[in-house]
Each structure stands twice: as structure tokens, then as C-alpha cells.
Amino acid sequence: MTLKPARPIIIDTDPGQDDAVAILLALASPELQVLAITAVAGNVPLALTTRNARILLELAGRQDIPVYAGAIRPLVRPLVTAENVHGKTGLDGPDLPEPTMPLAPGDAIDFIIRTLRERPAGSVTLCPLGPLTNIALALVRAPDIAPRIAEIVLMGGGCFEGGNITPAAEFNIFVDPHAAEVVFKSGVPITMMPLDVTHQVLTTRARIAAIRALGNRSGEVVAQMLEFFERFDVAKYQSDGGPLHDPCVIAYLLRPEIFQGRHINVEIETRSELTMGMTVADWWGVTGRAANARFIRKVDSDAFFALLCERLAQLP
Ligand code: BDR
Ligand code: CA
């Protein structure tokens, strides 16, 4: 049997407990080759997202993967963070040691550009899990990379589900709507995981218990992170657990068949303060504007959690 070569990805992220689970899922999956983690300011400031990314690599024993620091703030607007959801460090919940591995020399945007230029065109997939600042900066500085990107699979936006940071906007797009506009207008194939789908992936008691029952340290750390993370959304939505937003991106790369969506036009609101960062998704095709994103709306959440448990069990 010939094994398919692992798919090279760059995870651009602002960890965040749900980013953490996405990163661990990717590290535990032999179908994926994580070329680097590029950190961006988002859930917490850059100094913490670069720290948190390294903590997670050390937890998984993968200090061989470089972590690059990216943008310290959004393109135009001031940085908005989400300590109210993720806690002071962004990874509140478990007691985790400070990282010892250094940051990679150089900058995330340079790394993204260099990698896309050096690797075969159409081979590298970008996985943004936070505000799109780093990706937009790379596309603006080096437009030649756009046709070389295999695909961008991102967490962001919402339509029927509304927003989470404002009634209209989801956090990642709201924090840097101008960057999102650059990305959505780049012509790169985009698959988006909006709140419409991520709100279907809930960390119920039984699911957290199953993760803890894996018996490894990573499972225990994930269980503690999710117990902390879910309290915010459980109080807000009166739901049976918190939504695992960012892991949807990685699960989609591994099992696209458990997701359903449509290829539609999505525009980003960058002018109105009231609806800033809204993803105006033409689900019903009423505008005649060209489709630019695959908008995912449904997932088989039991299949998702089965995959997550199977993979987390492989980690230390
Ligand atoms: C997104 O915002 C962050 O708080 C999460 O990590 C996720 O990427 C959800 O709106
Ligand atoms: Ca995130």
C-alpha cells in the first residue's frame, strides 16, 4: 500500500483554548505536516499567543516545529482581545509550564511568503484560526503568493447564527475586518468555518469525560482547558457545552465528508460601525456576485468528536 504524502499546512493562530485543541489535533494527525505555527494578536496579545503556541508544541513533544511571531495589531483598528472568554493567559484552565523553546528567528509574514515561494505551487494550505492580519499582510506584500496557495481553510464569520462579539460579527473577522476583506478578495480558494457550524460542536459533559478518559496528559490538559473555556458560552447560550470553533478547520482537512456547505459569495463589512466585521454571506444567491468561499453550515458532531478522541489518544 502506498501512503499519501502528508499535506503541508501552516497554522496561523491566536491560542486560545479552542486554537489549542486544533493545534493538538493537527499534531496528532499523520495526514498533515505542520510546517510552522505563525502567531497573531487576537484572543490575547501577541506576547501571549507566541508563548501559548510554544507551550502546546512542548506538550505534544514537537519542539521541532517553529513558532513565528506575526502582527502585533490589526491593520487599521485597535486590537480587541477576549480575556473574558479565554482567561488572562488565553490558555487558562490547566497548570502549564512556561515554554523553554525559543521563537524562530524572523517574522511570520516573511515565513509565509518564503514558504509559498519555495514549495511547489498549490501544495501549501493555510489554516487561519484567528484574525487574518498575518495572511493579509503576506498577500499585500507579495501578491505573487496568492495563486501558489492550495487553499485557505479558516475559522471565522457567521450568517444565520449571527455574531458572537457583536450581534452582527464573529470575533476573528471583527478584530481585523480589513485583513479579512483582503483575504476574501484575494481569489485564493477559501473554505470558512463560521459560527453556524462551530456552534454545532459542543463540549458536552460526556464528551469532556471521554477526552479525560483517554488517560494521557494531553487528554487531561484538553479536558481542563475545555472545562474553563465552556463556562462563557454555556452561560450565554444556555447550551450543553462550549463550541469548539477552531478544531473544525483541522477536522475538515482530515474528514471533509462530515461537513456540508455551499460555494457562495461572502463580502466583509468594513464601513459601518454597527455591523463592522459582518460576513455578508449570499447563501440564497440573490446578488449575482461571484462565489469566493465555501461556507460550511453543517457537521456530524459525533463523527467530529470520535475523530478528536482517536487522535488525541496518540499524543503524550
Ligand atoms: C473565534 O474567536 C476566538 O475566541 C476563538 O479562538 C475562535 O477562533 C470564535 O469566534
Ligand atoms: Ca482562535
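Let me sum up the structure you'll find in this document. The structure presented is a predicted model; accordingly, all values stated were derived computationally and were not measured.

Here we look at the coordination of the calcium ion (ligand 2)
Reasoning step 1: Around the calcium ion (ligand 2), the protein contributes the donor atoms Asp14 (OD), Asp19 (OD), Asp19 (OD), Leu129 (O) and Asp246 (OD), which lie 2.3 to 2.6 Å from the metal centre.
Reasoning step 2: Every donor residue of the calcium ion (ligand 2) comes from the same chain, spaced as D-x4-D-x109-L-x116-D. Of this pair, aspartate 19 sits in helix H1 (residues 17–27) while aspartate 246 sits in the loop between helix H10 (217–237) and helix H11 (247–254), and the two are 227 residues apart along the sequence.
Reasoning step 3: On the basis of relative accessibility, which here comes to 2%, the residue aspartate 246 falls in the buried class.

Section: the pairing of strand S10 (residues 293–299)
Reasoning step 1: Here strand S6 (residues 190–193) runs beside S10; their pairing, made up of two bridges, is parallel. Looking at S10, one finds that threonine 191 is bridged to arginine 294.
Reasoning step 2: In this structure, strand S7 (residues 259–264) lies alongside S10, joined through six bridges in antiparallel fashion. Considered in S10, the bridge of glutamine 260 is made with lysine 298.

Digging into the pairing of strand S1 (residues 7–13)
Reasoning step 1: Most of S1 sits inside the fold, with six of its seven residues counted as buried.
Reasoning step 2: The pairing of S1 with strand S2 (residues 32–39) spans seven bridges and is classified as parallel. Across the sheet, the residue bridging to isoleucine 9 is valine 34, located in S2.
Reasoning step 3: Crossover handedness for the path S1 to H1 to S2: right-handed.
Reasoning step 4: Bridge analysis of S1 against strand S4 (residues 124–128) gives four bridges, and the strand direction is parallel. Bridge pairing links isoleucine 10 to leucine 126 in S4.

How each quantity is defined
- Think of each chain on its own: its residues are numbered from 1, step by step along the sequence as written.
- Chain labels run from A onward and ligand labels from 1 onward, assigned in the order the entries are written.
- Whole-chain, interface and lining totals are the exception, using all residues; otherwise, since this is a predicted model, local features are given only for residues with pLDDT of at least 70 and side-chain atom pairs are given and counted only at 80 or more.
- Note that the side-chain values use all heavy atoms of the structure and ignore hydrogens as well as water.
- Coordination partners: N, O, S within 2.8 Å of the metal, 3.2 Å for Na, K and Ca; water not considered, so apparent gaps in a site are possible.
- The helix and strand labels rest on DSSP assignments: H or I over at least four residues marks a helix, E over at least two residues marks a strand, and numbering proceeds from the N terminus.
- Note on exposure labels: buried denotes an accessible area under 20% of the residue type's maximum, exposed denotes more than 50%, and partly exposed covers the range between, all computed with a 1.4 Å probe on protein chains only.
- Note on pairing: DSSP must find at least two bridges between two strands before they are called paired.
- Seen with its strands pointing away from the viewer, a crossover is right-handed if its path from the first strand over the helix to the second goes clockwise.

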